[in-house]
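# What the coordinates show
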Amino acid sequence: MPNPRKPEKSVVTTCAYCGVGCGFKAETRAGKIVRMTPWKEGKANHGHSCIKGRFAYDYYNAPDRVRTPLIRASIEDPWKPVSWQEAFDYAASAFKRIQAKYGVKSVGAVSSSRCTNEEIFLTQKFARAVLGNNNIDNCARICHSPTQFGLTNTIGAGAASQHFDSILQADVIMVVGANPTEGHPVFGSLMKRRIRQGAKLIVIDPRKTETVESAHCKADVHLAIRPGTNVAILDSIAHVVVREKLYNEEFVRARCEVKEFENWKALVGSDKYAPEIIGPIAGVDPADIRKAARMYAGGPNSAIYYGLGVTEHSQGSTGVMCLGNLGLSCGMLGREGVGVNPLRGQGNVQGGSCLGSWPHVFSGYRFVTDYATRSSFEAEWGVTLDAEPGLRLPNMLDAAVAGSFKGMYIMGEDPVQSDPNQHHVIAAMKNMECVVLHDLFLNETSKYAHIFFPGSSSLEKDGTFTNAERRVSRVRKVIEPLAGLQDWEITVKLMNAMGYNVTYNNPGEVLDEIARLSPNYRGISFALIDRVGSAQWPCNEDAPEGTEVLHIGKFPRANGLGAFMLTEYVPTAERTNDKYPLLLTTGRILSQYNVGTQTRRTPNSMWHPEDVLEINEQDAMARGLKSGDWVKLSSRFGQTELRAKISERVNPGVVYTTFHHAKSKANAVTSDLSDWATNCPEYKVTAVDVVRTNGPAADSVQEAERPRIDELEPAECA
């Protein structure tokens, strides 16, 4: 008997989950997806996949998927289904009214790294060309904004210096604040392959993750640091490099600013960063610090891979600069098998950073204050643009609480669940007069929205993603958008409703506009990607099919030289005390993705039905806890309730949880501290207490509101 689910056709596209950006063949039958098959020609994954990309695709057809626009005058009112044109007109009227009353800068926009490059670019264009200000931000603000700042200041480019396959030529692999075995599993598998071949592994992480020890993967050195001491431990590693003269003096003198190198040597070489001093502060054996330093400097090819455990700190940018300094000092840049590489958490975080979704830069990281750059965008867009940087997302929320910021267009984000200090975010949302949420499902933020645009999943649209290795790949429409419009079309129609007349026949024309305005993307087009499969930026006349390894010969700074930044360790203001004696840190798990909007609506939830709190046996015994007990997790900022899980993965004094379920409310307890340079939240260090409880009240575990889909008719496309 033939398989009734045998596919009739397939479309090659790109996974929208983590920053690896795996290629897939999406196979369909009767207009529905029946299978996702890893694409063997995918240059990021070579036919491999994880359980998210392979199996977690049914969310697109979930019963609570919103398929018609919704509006309401007040967040206390029920949602009213309307046509697309009514929704666009309603949103445009509200934004115009607010700007007339409160000023041009009283509204802004937020784009998402779940969206395509073209959609991200259009969202920042909407803010700048239509709303008339630079109040535009991206979810990269709360994850990898320190990457952009830290790497730009040291090696000149806030992006990975290598392609993924470069790790196969590494002799030493240093993983800092990341868990690629679970967070980026296809890359993690590639890393394991190299370790099996003999490469050495250094892991710097408070938790004994799967990357520290699992099948085919065991760290030679694990620095299980106290949360918040990244900069201290990295400066101590640098101390050993300097004191033992393990640095590559030939590389430094040929390719770096030597005076800055001498200043850096004086700082990290001082006695206060000696392993014997820093070891007790960070909670690690000084001998292991020395071993890690010697191993990394000895190479001969040493590569650094890092994640949110570096960036989501009050010294996140400083931590990234520490990694840049280390790579420069040991000459571990500009060839295969080395480099400093951020492991991006979402499918298009790199694109979100590249394409102008920051309040101070246009696409290509060029400042809005620069007249020549601004003029090129004005000529393309036909409007005069604001020369003053706009508000970052945290600043928008602060201004909303203060009463001066009144409207926001949010594409593909759920800040109430994902952003820190949830109570503050909710207060900001309640104080706005028009919140337009553009998403697949009603979520925590939709409780405070006035207009809902039903979006399209990555399976229902065309465009491109830029993955963690700067690889630009095609996203291709597999099925028709269930709500009638692709996301890029929704943003364009909102622009039109606001009175800005612009037309694109397809998102390829948006990419062409990106190429005209963005030097690193100058040579990228749908035609090129269709021909070569994918291309890494910079892609231009000098590299017509892209660039795999950066920093060969020179760094993309004005003088072509690498720069050493001073990285003084400043302890976080978030400290433990008698009332809050434990430190909470957070992370991901293999089967789920970020706030779970997609994966929680698939069978993957069978592997991870709830977030739990990992606690060391010593701390559990002191509190009379056993695995499965409900506990109240409280901080200076709020509280929530989770089940406890006694674990050897965390040291005494440290607890850990994931943030995939809305009912867990992990961000109800996180602080409002943030990175000094970028406002990236300090998710990874929160002083907490844990006490046994009887479990949450019934009304505290409810998920976000759900519409009665059977009562909502799909709206006609305008």
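See the structure shown above.
Since the structure is predicted, the reported quantities are computational estimates derived from the model, not experimental observations.

The subject of this paragraph is the overall build of the protein. For the protein, the helix and strand inventory stands at 22 helices and 29 strands. Computed over the C-alpha atoms, the radius of gyration of the protein is 24 Å, within 12% of the 27 Å expected from 2.2 N^0.38 for a compact globule of 718 residues. For the protein, the spread of C-alpha atoms along the principal axes amounts to about 70 × 65 × 65 Å. Relative to its full complement of 718 residues, the protein shows a buried share of 64%. Of the contacts formed within the protein by residues at least 6 apart in sequence, a portion of 74% connects residues at least 24 apart. Accessible surface, the protein as shown: approximately 25100 Å² in total, 50% of it carbon and sulfur. The average position of the 80 basic charges and that of the 80 acidic charges among the side chains of the protein differ by 3 Å.

Here we come to unusual backbone geometry. Cis geometry is adopted by the peptide bond preceding Pro-300, which originates at Gly-299 and carries an omega value of 5°. Note that the residue after Trp-537, namely Pro-538, is joined by a cis bond; omega there is 0°. Mapped onto the elements, Pro-538 comes out in the loop between strand S23 (535-536) and strand S24 (582-587). One non-glycine residue, His-551, lies in positive phi territory at about 70°. You can call His-551 buried: its relative accessible area is 5%. Although it is not a glycine, Asn-679 adopts a positive phi angle of roughly 70°. Along the chain, Asn-679 turns up in the loop between strand S28 (654-658) and strand S29 (686-692).

A few words on the pairing of strand S25 (residues 612-615). The pairing of S25 with strand S27 (residues 639-646) spans 4 bridges and is parallel. Each residue of the ladder has a partner; that of Glu-614, found in S27, is Lys-645. Pairing of S25 with S28 involves 3 bridges; the strand directions are antiparallel. Bridge pairing links Glu-614 to Tyr-656 in S28.

On to helix H18 (residues 422-430), then. Among the residues of H18, Gln-422, Val-425, Ile-426, Ala-428 and Met-429 are the ones counted as buried. The buried side chains of H18 occupy one side of the element, clustering within an arc of 160° when seen end-on. The secondary structure elements touched by the buried residues of H18 are helix H16 (393-402), strand S18 (407-411), helix H17 (415-418) and strand S19 (434-439).

Counting residues in each nonpolar core, the largest one holds 67 residues, and the members touching the most others are Phe-126, Tyr-409 and Phe-453. Once residues within four sequence positions are removed from consideration, Phe-126 is found in contact with Phe-95, Ala-109, Leu-131, Tyr-409, Thr-491, Leu-494, Met-495 and Met-498. Counting residues in hydrophobic clusters, the runner-up holds 53 residues, among them Val-176, Ile-204, Phe-251 and Met-295.

In total, this model carries 17 aromatic pairs according to the counting rule given. Above the face of the Phe-526 ring, Arg-474 is positioned so that its terminal group lies 3.8 Å from the ring centre.

A few words now on the sheet that holds strand S12 (residues 221-223). The strand order across the open sheet formed by 5 strands is S12-S9-S8-S13-S14, and the pairing between neighbours is parallel. In this open sheet, the two edge strands, each paired with only one partner strand, are S12 and strand S14 (340-342). Each neighbouring strand pair of the sheet contributes to a mean axis angle of 15°, computed without reference to strand direction. As defined by bridge partners, strand S8 (residues 172-176) adjoins strand S13 (residues 302-306) across 5 bridges and the pair is classed as parallel. The residue of S13 that forms the bridge with Val-176 is Tyr-306. Together, S8, strand S9 (200-204) and S13 form the strand contacts of helix H6 (residues 185-196), whose direction differs from that of S8 by roughly 145°.

Attention now goes to the pattern of salt bridges. In total, this model carries 36 salt bridges according to the counting rule given. One salt bridge in this structure joins Glu-27 and Arg-35, with 2.5 Å as the shortest N-O distance. The buried category is assigned to Glu-27, whose relative accessible area is 11%. According to the relative accessible area criterion, Arg-35 is partly exposed, its value standing at 35%. Across the salt bridge formed by Asp-171 and Arg-194, the nearest N and O atoms sit 3.7 Å from each other. Of this pair, Asp-171 sits in the loop between helix H4 (145-154) and S8 while Arg-194 sits in helix H6, and the two are 23 residues apart along the sequence. Salt bridges sharing partners connect three or more residues here, namely Glu-244, Glu-276, Arg-290 and Arg-294.

Time to look at the side chain of Thr-678. Looking at where Thr-678 falls in the secondary structure, it is placed in the loop between S28 and S29. Thr-678 gets classed as buried once you look at its relative accessible area, which sits at 4%. For Thr-678, the side chain forms a polar contact with the side chain of Ser-145, separated by 3.1 Å.

Looking now at the environment of Asn-679. C-alpha of Asn-679 to C-alpha of Ile-204: the two residues are 475 residues apart in sequence and 23 Å apart in space. Setting aside its immediate chain neighbours within four residues, Asn-679 contacts Arg-141, Arg-392, Pro-394, Asn-395 and Ser-674. A distance of 2.8 Å separates a polar atom in the side chain of Asn-679 from a polar atom in the side chain of Arg-392.

Right, let's get into helix H9 (residues 258-268). Residue pairs spaced three or four apart in an α-helix point in one direction, given the helix's 3.6 residues per turn. Looking at H9, one finds that the buried residues are Phe-261, Trp-264, Lys-265, Leu-267 and Val-268. Each buried residue of H9 sits inside an arc of 160° when the element is viewed along its axis, so together they form one side. Among the exposed residues of H9, those oriented more than 90 degrees off its buried face are Lys-259 and Ala-266. Looking at the buried positions of H9, the neighbouring elements they touch are helix H7 (230-243), helix H8 (249-255) and helix H13 (316-329).

Rules used throughout
Residues numbered from 1 in each chain as written. Predicted model: local features only at pLDDT ≥ 70, side-chain atom pairs only at ≥ 80, totals over all residues. Heavy atoms only, no water. Helix = DSSP H or I, 4+ residues; strand = E, 2+ residues; numbered from the N terminus. Rg over C-alpha atoms; globule rule 2.2 N^0.38 Å. Buried < 20%, exposed > 50% of the residue type's maximum accessible area, 1.4 Å probe, protein only. Contact = heavy atoms within 4.5 Å. Areas by Shrake-Rupley, 256 points an atom, 1.4 Å probe, with all protein chains shown as cover. Lys, Arg positive; Asp, Glu negative; His and termini not counted. Charge placed at Lys NZ, Arg CZ, Asp CG, Glu CD. Pairing = 2+ DSSP bridges. Arc of directions from axis to C-beta. Core = buried A, V, L, I, M, F, W, Y, C linked by side-chain atoms within 4.5 Å. Phe/Tyr/Trp six-rings, centres within 6.5 Å; stacked < 30°, edge-to-face > 60°. Lys NZ or Arg CZ within 6 Å of the ring centre and 35° of its normal. Axes fitted to C-alpha atoms, helices over the stretch in contact; angles between N-to-C directions. Salt bridge = Lys/Arg side-chain N within 4 Å of Asp/Glu carboxyl O. Polar contact = N/O pair within 3.5 Å; in protein donor to acceptor, adjacent residues only side chain to side chain.

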